[in-house]
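Chain by chain, the residues:
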Amino acid sequence: MSFRRILACTDGSPRARHAVAAAAKLARLCNAKLTVLFVIPPYVLPAYGEAALYVPGVTPHLYKQRADALAQKVLAPAARLARHIGRQGETLAVNAAEPWSGILHAARKRKCDLIVMASHGRHGVAKVLLGSETQRVLTHSRIPVLVVR
């Protein structure tokens, strides 16, 4: 099977960077286009119980600025990696309340035929409490997902 459009997901963690590097190598082997994705969660007013908390200085506008700066910081190494291996590629930051949903939407929109993501390897209570975006993508995706550990 040969892939034409690969979507690699990153959150900036070392495991995710490893997965992006694997996706870049695979893109080179398949002569595929590589898109590296970072999902930005929406601004949510901090709340406690039934009341919202006031956090001085954290406005939706400031949150957007900081989230965009973080996205650029996380995606910059991926862009350099794509250039280094000589692959046509792009970086993309999208806003989504649920990262797995943003990943699948981006894959559909770009007509990707493979999603590459890392697994953080959580087990037991940590997996139950923190959840697994990789597991959710695997559950809901209609295209192949390569999980890199």
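Refer to the structure above for everything that follows.
Residues numbered from 1 in each chain as written. Predicted model: local features only at pLDDT ≥ 70, side-chain atom pairs only at ≥ 80, totals over all residues. Heavy atoms only, no water.

This brings us to the overall build of the protein chain. A count of helical and extended segments in the protein chain gives five helices and seven strands. Each helix and strand of the protein chain, ordered N terminal to C terminal, gives the series β-α-β-β-β-α-β-α-β-α-α-β. In the protein chain, which comprises 149 residues, the share counted as buried stands at 36%. Across the protein chain, contacts joining residues at least 24 apart in sequence account for 74% of those joining residues at least 6 apart. Summed over all atoms, the accessible surface of the protein chain reaches about 9,400 Å², with 57% contributed by carbon and sulfur. (Helix = DSSP H or I, 4+ residues; strand = E, 2+ residues; numbered from the N terminus. Buried < 20%, exposed > 50% of the residue type's maximum accessible area, 1.4 Å probe, protein only. Contact = heavy atoms within 4.5 Å. Areas by Shrake-Rupley, 256 points an atom, 1.4 Å probe, with all protein chains shown as cover.)

Counting residues in each nonpolar core, the largest one holds 24 residues, and the members touching the most others are Ile6, Ala8, Ala23, Leu34, Val36, Phe38 and Val116. Within the residue set of this core, elements represented by two or more residues are strand 1 (5-9), helix 1 (14-30), strand 2 (33-40), helix 2 (60-84) and strand 6 (114-118). Residue contributions to this core peak at six residues, all from helix 1. If we skip the residues at most four places from it in the chain, Val116 touches Ile6, Leu7, Ala8, Cys9, Ala19, Ala23, Leu146 and Val148. (Core = buried A, V, L, I, M, F, W, Y, C linked by side-chain atoms within 4.5 Å.)

Should the sulfur atoms of two cysteines be covalently bonded, the bond is a disulfide. Considering all chains together, one arrives at zero disulfides under this definition. Counting only cysteine sulfurs, Cys112 is the nearest neighbor of Cys9, a cysteine outside any disulfide, at a range of 9.0 Å. (Disulfide = S-S within 2.5 Å.)

Spatial ordering of the open sheet is given by 5-2-1-6-7, a layout of five strands whose pairing is parallel. Two strands bound the open sheet, and with one partner strand each, they are strand 5 (89-95) and strand 7 (145-148). Neighbouring strand axes in the sheet, compared pairwise and without regard to direction, differ in orientation by 25 degrees on average. In the sheet, strand 6 pairs with strand 7 via four bridges, with the strands oriented parallel. Its bridge partner being in strand 7, Ala118 is matched across the sheet by Val148. Where helix 3 (residues 99-109) meets the sheet, it contacts strand 1, strand 2, strand 5 and strand 6, and its direction lies at approximately 150 degrees from that of strand 2. Here helix 5 (residues 133-140) sits on the sheet and contacts strand 6 and strand 7; the angle it forms with strand 6, its principal contact strand, is near 160 degrees. (Pairing = 2+ DSSP bridges. Axes fitted to C-alpha atoms, helices over the stretch in contact; angles between N-to-C directions.)

Attention now goes to unusual backbone geometry. The residue Asn31 is not glycine, and still its phi comes out positive at about 55 degrees. Even without being glycine, Lys111 reaches a positive phi, approximately 55 degrees. As for its position among the elements, Lys111 is in the loop between helix 3 and strand 6.

Structurally, Ser141 can be placed in the loop between helix 5 and strand 7. Given a relative accessible area of 17%, Ser141 falls into the buried group. Of note is the side chain of Ser141, whose polar atom sits 2.8 Å from the backbone oxygen of Ile143. Once residues within four sequence positions are removed from consideration, Ser141 is found in contact with Leu104 and Ile115. (Polar contact = N/O pair within 3.5 Å; in protein donor to acceptor, adjacent residues only side chain to side chain.)

Using the criterion set out here, one finds four salt bridges in the structure. A salt bridge links Glu133 to Arg136; its shortest N-O distance comes to 3.2 Å. Taken as a pair, Glu133 and Arg136 lie in helix 5 at a separation of three residues, close to a single helical turn. Accessibility expressed as a relative area gives 26% for Glu133, which makes it partly exposed. Residue Arg136 is classed as partly exposed on the basis of its relative accessible area of 33%. Salt bridges linked by common partners bring Lys33, Glu90 and Arg110 together as one network. (Salt bridge = Lys/Arg side-chain N within 4 Å of Asp/Glu carboxyl O.)

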